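Breakdown of the fold
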Amino acid sequence: MNYSFFGWPFLAATLGLSAFAATPALADTATLPPEILVTSGSEPLPTKEVASSYTIITAQEIEAHQYRTLPQALASVPGVTVIQSGGTGSVASIFMRGTNSNQTLVLLNGQRIGDPSDPRGAFNAANLTLDNVERIEIVRGPQSALYGSQAMGGVINIITKQGKSSPTTTARIEAGTLGTLNTSLTSAGNVEDTNYFLSLSRQATDGNDVTPARLRFGAGEEKDASENMAFSGQLDRAFNEYLSGSFFVQYNDNRMELDEGGYNSSFNPVFEDLANRSRAQQAFVTGSLAGRFADGKWRPKFTLAYSHYATNTVDYPDRLLDVYSENINTRGERVNAALDNAIDLSATNTLTFGADYSHESFSSNGLQDFDGYLITPASSASTNAYGLSLSDHQTWGENWFATASLRYDMPSNFKKKMTWSIAPGYYIPSTDTRFTASYATSFKVPSLYQRFGYSISQSPPFPASIYTGNPNLKAEESRGWELGLEQGLVPDMLRTGVTYFDNRIENAVSIVYDLAGNSTAQNTPAFNTHGVEAFIEATPLPSLTTRLNYTLTVLDADTFSTTLTRRPRHTANWTTEWKLDEVTTLGSDIKWVDPYLDITRDTFVYTKPGSYLVVNLSASRIIAKGIELTARVNNLLDRQYEPANGFQAPGIEALAGIAVTF
């Protein structure tokens, strides 16, 4: 089935907007309190009743540290590693608890996102900015029993801001030493009893040369610029005491100069590729209707969502004798529809159940020219999936709590998948001690490209296909468990915790090559990830909070493949937020990473990278009513490091800005 760019967004828009007619609304949309976790299934839960490991990054923390992009915000989360191939705008891959980058599910307001045309089926975190983000929730460990395919390492849910009854508008401008210029305009309020939040932003930078000097072969530095423009809108309305509606739309346009590398006339790699550019466009539309019946004990919700992805990558031969050129277009689309229900069986027992449908499609076309040797990507495929879910959450007094979940997935051309999870916990109020545990199974359907991707040589005597998808791939599977202990040491001042996790991955998909250089996808032997996440958090003053996170991740595999690289063995993050007074806020992020294994960009052999330390500082001060000055320094120590081998991160960068609210 083929959907036009405007067909499904129009349908979702109709669903969301048709209800915003002439019915009264609630006076205000409350900000979610930090004691509530939304990403716990179809029904939010109090955090004290959640047994799975989670992290919540609030809007206040985003502002205190002046995070501008998703990779910046995720950098301090335990168990999560973001590997960005260069600076701002470069491809950013998420590795959670040692699982592959395509085994983490990313949601936007609870809706699955990620380009279906991505060859790996992985989410690129570089394209999302945070001007409209209220909070980011990260739930670690297998979560397919709640969210279906791909949630093997965990789930990241990006929740956007909602409007308030008092209209406000904020304009922000920020400039930096790498030619960075960030601007944004947000507006929130109430119009005819409909709450709204609108955001328009542009982030642009000249950047740095992501190719290190050793791979430039004498060429001078050439900065790799990026530009990201984004628009989003959120409308919320309660029609009466029984029914409410929501509509969300977002559009991103990301342009990036790349140093992916080409080849000279002798087919030797040339990494300083001056004419390689990429443009990625994304559109998200979601409409929902939610009800509250039987005195609020039955809460049904219907959601319809659409997302569209279009990417164009262009490369022309340049002055470095690079004879490689390409012009590739890819397109992906996804439709999600879900009907969820929550029923309070008693004051301590909530049952949730639902059904959902998804459709994904992708296509690619264009031409790659290796000095007259032509390759044509020519792929097009689509798939459907259906799912049924059931979850039960109970509490017993003030001590015991548990969630049990069961899900039955029916993906096209695959065996049906039953996944389940159990997550109990026990809390001792007298000692402020919290024990948690969980066990879960999970799975991931291989990407459409891995199954049906195809590229073919157009230049005799090379008649063989360069890549042929494998429609006989098995679904990736995992089973994992964790045990956690959290202990309050000084009431409201000092807490510490430790969690041990273990996850076994089977049938992970890798790309393999034959002696002629042709490739396909195949399932690989199983591997294990296990390790420890620990933290200590102190609040010595009501205005000062500091937290130290440490993560140990160990990979065990009988056959170590290239897909198991770029997972650090040790990471530590130290973050601090200090509100000096009513108008001044300081923030710091210190990150230490000890990489394990990587693949060299030029020789394609295993290497053991060195560890690196990155220090970021931020400060803000309100100088008058509605006027705030901001300043931050990224990579204060000016460390030269490569998050991915052959891709150099920016050095020190200083930025200053002003925000005006009226």
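See the structure printed just above.
This write-up is about the structure you can find in this document. Fair warning: this is a prediction, and the values are worked out from it, not measured in the lab.

Glancing now at the overall build of the protein. In terms of helices and strands, the protein carries 5 helices and 40 strands. For 662 residues, the compact-globule estimate of 2.2 N^0.38 gives 26 Å, and the protein sits close to it at 25 Å. Over its C-alpha atoms, taken along the principal directions, the protein stretches across nearly 75 × 60 × 50 Å. In the protein, which comprises 662 residues, the share counted as buried stands at 55%. Sequence separation of 24 or more characterises 64% of the internal contacts of the protein that already satisfy a separation of 6 or more. For the protein, the accessible area works out to roughly 28000 Å², and carbon and sulfur atoms hold 61% of it.

Quick look at a nonpolar patch on the surface now. A cluster of nonpolar residues, Phe 353, Leu 388, Leu 390, Leu 406, Tyr 408, Met 418, Trp 420 and Ile 422, forms a patch on the protein surface that exposes about 680 Å² of accessible area. Taken together, the elements giving at least two residues each to the nonpolar patch come down to strand 22 (379–396), strand 23 (400–411) and strand 24 (417–428). The dominant element in the nonpolar patch, judged by the number of residues it contributes, is strand 24, at 3 residues.

Looking now at the pattern of salt bridges. With the rule as written, the count across this model stands at 28 salt bridges. Close ionic contact of Glu 642 with Arg 214 constitutes a salt bridge, the shortest N to O distance being 2.5 Å. Of this pair, Glu 642 sits in the loop between strand 39 (627–634) and strand 40 (653–661) while Arg 214 sits in the loop between strand 12 (194–205) and strand 13 (226–238), and the two are 428 residues apart along the sequence. When its relative accessible area of 46% is taken as the criterion, Arg 214 is described as partly exposed. For the salt bridge of Arg 547 with Glu 537, the shortest nitrogen-to-oxygen distance reads 3.4 Å. On the criterion of sequence distance, the pair formed by Arg 547 in strand 33 (residues 544–557) and Glu 537 in strand 32 (residues 527–541) is long-range, its members being 10 residues apart. For Arg 547, a relative accessible area of 23% translates into the label partly exposed. Look at Glu 537 and you get partly exposed, because its relative accessible area is 25%. Through salt bridges with shared partners, a single network forms among Arg 97, Arg 140, Glu 482 and Glu 533.

Counting 28 residues, the largest nonpolar core has Leu 70, Leu 74, Ile 94, Ile 136, Ile 138, Ile 156 and Ile 158 as the members making the most contacts within it. Those elements giving two or more residues to this core turn out to be helix 3 (70–74), strand 4 (80–84), strand 5 (92–96), strand 6 (104–108), strand 8 (133–140) and strand 9 (154–160). The residues touching Ile 158, leaving out its near neighbours within four places in the chain, are Leu 70, Val 106, Leu 107, Leu 108, Asn 109, Leu 128, Val 133, Arg 135 and Ile 136. If you look at the next biggest cluster of nonpolar residues, it comprises 8 residues, including Phe 362, Leu 448, Tyr 467 and Val 509.

Mapped onto the elements, Arg 135 comes out in strand 8. Under the relative-accessibility criterion, Arg 135 is labelled buried at 1%. At 2.6 Å, the side chain of Arg 135 forms a polar contact with the side chain of Glu 137. Setting aside chain neighbours within four positions, we find Arg 135 in contact with Leu 32, Pro 33, Pro 34, Ile 36, Ile 56, Ile 57, Thr 58, Asn 157, Ile 158 and Ile 159.

Note on sheets: strands pair through backbone hydrogen bonds, and any given pair is parallel or antiparallel. The strand order 3-8-9-6-7 describes an open sheet built from 5 strands, whose pairing is mixed. The two strands at the open ends of the sheet, each matched to only one other strand, are strand 3 (54–58) and strand 7 (111–113). Strand after strand, the sheet turns through a mean of 25° between neighbouring axes, direction not considered. Summarising the sheet, strand 8 and strand 9 pair through 7 bridges and their orientation is antiparallel.

Attention shifts here to the packing of aromatic side chains. Aromatic rings considered in pairs are described by the distance between their centres and by the relative angle of their planes. Enumeration according to the criterion identifies 10 aromatic pairs in this entry. Look at Tyr 357 and Tyr 386: their rings are 5.1 Å apart centre to centre, the planes differ by 45°, and that puts the pair in the tilted class. Of this pair, Tyr 357 sits in strand 20 (residues 349–370) while Tyr 386 sits in strand 22, and the two are 29 residues apart along the sequence. For Tyr 386, a relative accessible area of 43% gives the class partly exposed. With centroids separated by 4.3 Å and ring planes inclined at 20°, the aromatic side chains of Tyr 612 and Tyr 641 adopt a geometry described as stacked.

Below, the discussion takes up the side chain of Ser 93. Within the secondary structure, Ser 93 is located in strand 5. Taking the relative accessible area as the measure of exposure, Ser 93 reaches 11% and is therefore buried. Discounting chain neighbours no more than four positions away, the residues touching Ser 93 are Thr 81, Val 82, Ile 83, Ser 101 and Arg 120.

Before going further, it helps to examine the pairing of strand 29 (residues 494–506). For strand 28 (residues 476–490) and strand 29, the ladder comprises 13 bridges, and the chain directions are antiparallel. Residue Gly 480 lies in a different strand from strand 29, and its bridge partner there is Asn 503. Hairpin geometry of strand 28 and strand 29 is characterised by an intervening segment of 3 residues between the two adjacent antiparallel strands and by a positive phi of about 60° at Asp 492.

A separate point is the environment of Leu 494. When you line up the elements, Leu 494 lands in strand 29. For the pair Leu 494 and Glu 537, spaced 43 residues apart in sequence, the C-alpha separation works out to 5.7 Å. Apart from residues no more than four positions distant in its own chain, Leu 494 is found in contact with Gln 487, Gly 488, Leu 489, Ile 536, Glu 537 and Ala 538.

Locating Thr 571 in the fold gives a position in strand 34 (residues 570–579). Overall, the relative accessible area of 10% leaves Thr 571 in the buried class. Separated by 40 residues in the primary sequence, Thr 571 and Ser 611 have C-alpha atoms spaced 9.5 Å apart. Among residues more than four places away in sequence, those in contact with Thr 571 are Thr 81, Asn 549, Tyr 550, Thr 551, Trp 592 and Val 593.

Positionally, Leu 70 belongs in helix 3. Considering only alpha carbons, one finds Leu 70 and Ile 136, 66 residues apart in sequence, at a separation of 9.0 Å. In this view, Leu 70 contacts Phe 123, Ala 125, Leu 128, Leu 130, Ile 136 and Ile 158; residues no more than four positions away in its chain are not counted.

In this section: unusual backbone geometry. Although it is not a glycine, Gln 150 adopts a positive phi angle of roughly 90°. Relative to the helices and strands, Gln 150 resides in the loop between helix 4 (144–147) and strand 9. Within the chain, Asp 638 stands out as a residue other than glycine whose phi angle is a positive 55°. Mapping Asp 638 onto the fold places it in the loop between strand 39 and strand 40.

Rules of the game
Residues numbered from 1 in each chain as written. Predicted model: local features only at pLDDT ≥ 70, side-chain atom pairs only at ≥ 80, totals over all residues. Heavy atoms only, no water. Helix = DSSP H or I, 4+ residues; strand = E, 2+ residues; numbered from the N terminus. Rg over C-alpha atoms; globule rule 2.2 N^0.38 Å. Buried < 20%, exposed > 50% of the residue type's maximum accessible area, 1.4 Å probe, protein only. Contact = heavy atoms within 4.5 Å. Areas by Shrake-Rupley, 256 points an atom, 1.4 Å probe, with all protein chains shown as cover. Patch = residues over 30% accessible without salt bridge, like charges linked within 9 Å, V, L, I, M, F, W, Y side chains within 5 Å. Salt bridge = Lys/Arg side-chain N within 4 Å of Asp/Glu carboxyl O. Core = buried A, V, L, I, M, F, W, Y, C linked by side-chain atoms within 4.5 Å. Polar contact = N/O pair within 3.5 Å; in protein donor to acceptor, adjacent residues only side chain to side chain. Pairing = 2+ DSSP bridges. Axes fitted to C-alpha atoms, helices over the stretch in contact; angles between N-to-C directions. Phe/Tyr/Trp six-rings, centres within 6.5 Å; stacked < 30°, edge-to-face > 60°.

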